[in-house]
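Each chain, letter by letter, is given below.
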Amino acid sequence: MKRVYLFIFSLPFLFSACSKTESVSTYNGNDTLKSVLVTKGESAIWTGELEPKFLTETLESHDKVSKGINLSTEVLNVADSNSEKIYPQLKDFGSLDTESLSVSTQNVIKEFFNAVSTDIFSAENLMKNDSVFSLVFFADDLEKGFTGKKQSDDETKLFTSYLIGNSFLSGSEVQVPVRLYNGKQYADITVFIDENDNKISQLKIDRWGK
């Protein structure tokens, strides 16, 4: 019974509260959200477009992005930032950053492996005089490793492609990691180059993989 009496006695208070609120606030039926927004928009001070063609133009290139990379929002965000350069990395191989390699050293690497892919002993002139034996052992190990593996349509090539990795300088010698690909198989090589005469002093096969 107490709950009923409390509810009944509270009704006059509720009506009183509503009537007081209505007496204070006024409602204009002509005001709508749209009309308020239109009014605000008309009274606002708008500036001119800074780059009117920006949203309609197609961005095909960027000064800080290689032409071989497809442009995307993520790539552009990185390119426009002040962070350090980002290079791709391969598992068990490392970074593909070759900026520390001189142009002449890169040319030796490219000339050597372009020659090795078809005729391994044609690269003899790129070896130091006292290191030709290293080329002989390297050729033997490489041919045994790739023998019987699926190669490209051009069966005269020992491997189909290669990648140059981030080099390491030790005294006058620079150690350059190179990955050779032959179908799904690859071989990781370390090439030791004497920077005094830009000749290869040693060749080492580090690992085979798939």
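Reading the values: the criteria
- Residues numbered from 1 in each chain as written.
- Predicted model: local features only at pLDDT ≥ 70, side-chain atom pairs only at ≥ 80, totals over all residues.
- Heavy atoms only, no water.
- Helix = DSSP H or I, 4+ residues; strand = E, 2+ residues; numbered from the N terminus.
- Buried < 20%, exposed > 50% of the residue type's maximum accessible area, 1.4 Å probe, protein only.
- Contact = heavy atoms within 4.5 Å.
- Areas by Shrake-Rupley, 256 points an atom, 1.4 Å probe, with all protein chains shown as cover.
- Salt bridge = Lys/Arg side-chain N within 4 Å of Asp/Glu carboxyl O.
- Core = buried A, V, L, I, M, F, W, Y, C linked by side-chain atoms within 4.5 Å.
- Pairing = 2+ DSSP bridges.
- Expected span 1.5 Å × (residues − 1).

Moving on, we come to the overall build of the chain. Of regular secondary structure, the chain possesses five helices and seven strands. Ordered by position from the N terminus, the helices and strands of the chain form the series α-α-α-β-β-α-α-β-β-β-β-β. When each of the 210 residues of the chain is scored for burial, the buried share is 28%. Here the analysis covers contacts within the chain between residues at least 6 apart in sequence; of these, 45% occur between residues at least 24 apart. If you sum the accessible surface of the chain, you get close to 15700 Å²; carbon and sulfur atoms cover 55% of it.

Position of Ser134 among the secondary structure elements: in helix α5 (residues 132-146). Residue Ser134 is classed as buried on the basis of its relative accessible area of 6%. In contact with Ser134, not counting residues within four places along its chain, are Met127, Gln202 and Leu203.

Right, let's get into the pattern of salt bridges. Here the structure, examined in full by the defined rule, presents six salt bridges. Asp206 is paired through a salt bridge with Lys204; the nearest N and O atoms lie 3.6 Å apart. Beyond isolated ion pairs, a larger network of salt bridges with shared partners links Lys128, Asp194 and Asp197.

Residues Phe112, Phe113, Phe138, Leu142 and Val191 are the most contacted members of the largest nonpolar core, which totals 29 residues. Looking at this core, the elements that each hand over two or more residues are α4 (103-116), α5, β5 (173-182), β6 (185-194) and β7 (199-209).

In terms of burial, β5 is a largely internal element, seven of the ten residues being buried. Note that strand β3 (residues 161-164) and β5 share four bridges and pair antiparallel. Of the residues in β5, the one forming a bridge with Ser161 is Tyr181. When strand β4 (residues 168-170) meets β5, the two strands line up antiparallel, connected through three bridges. Among the inter-strand pairings, Leu169 is bridged to a residue of β5, identified as Val174. Counting the residues in the hairpin turn of β4 and β5 gives two residues, including Gly171, whose phi is positive at 65°. Of the pairings in the sheet, the one linking β5 to β6 comprises ten bridges and is antiparallel in character. Of the residues in β6, the one forming a bridge with Pro177 is Thr190.

Turning next to the pairing of β6. Within β6, ten of the ten residues are buried, which leaves it mostly tucked inside the rest of the structure. The two faces of β6 match: Gln185, Ala187, Ile189, Val191 and Ile193 on one face and Tyr186, Asp188, Thr190, Phe192 and Asp194 on the other face are all buried. A loop of two residues connects β5 with β6, the two strands running antiparallel in sequence, and Gly183 in this loop sits at a positive phi of about 65°. In the sheet, β6 pairs with β7 via nine bridges, with the strands oriented antiparallel. Paired with Ala187 across the bridge in β7 is Trp208. Where β6 hands over to β7, the hairpin turn is made up of four residues, of which Asn198 adopts a positive phi near 55°.

In this model, α4 (14 residues) spans 20 Å end to end at C-alpha, consistent with the 20 Å of a helix rising 1.5 Å per residue. Burial in α4 covers these residues: Thr105, Gln106, Val108, Ile109, Phe112, Phe113, Ala115 and Val116. Turning to α4, the residues buried within the fold contact α5, β3, β5, β6 and β7.

The values reported here are purely geometric and, on their own, carry no functional implication.
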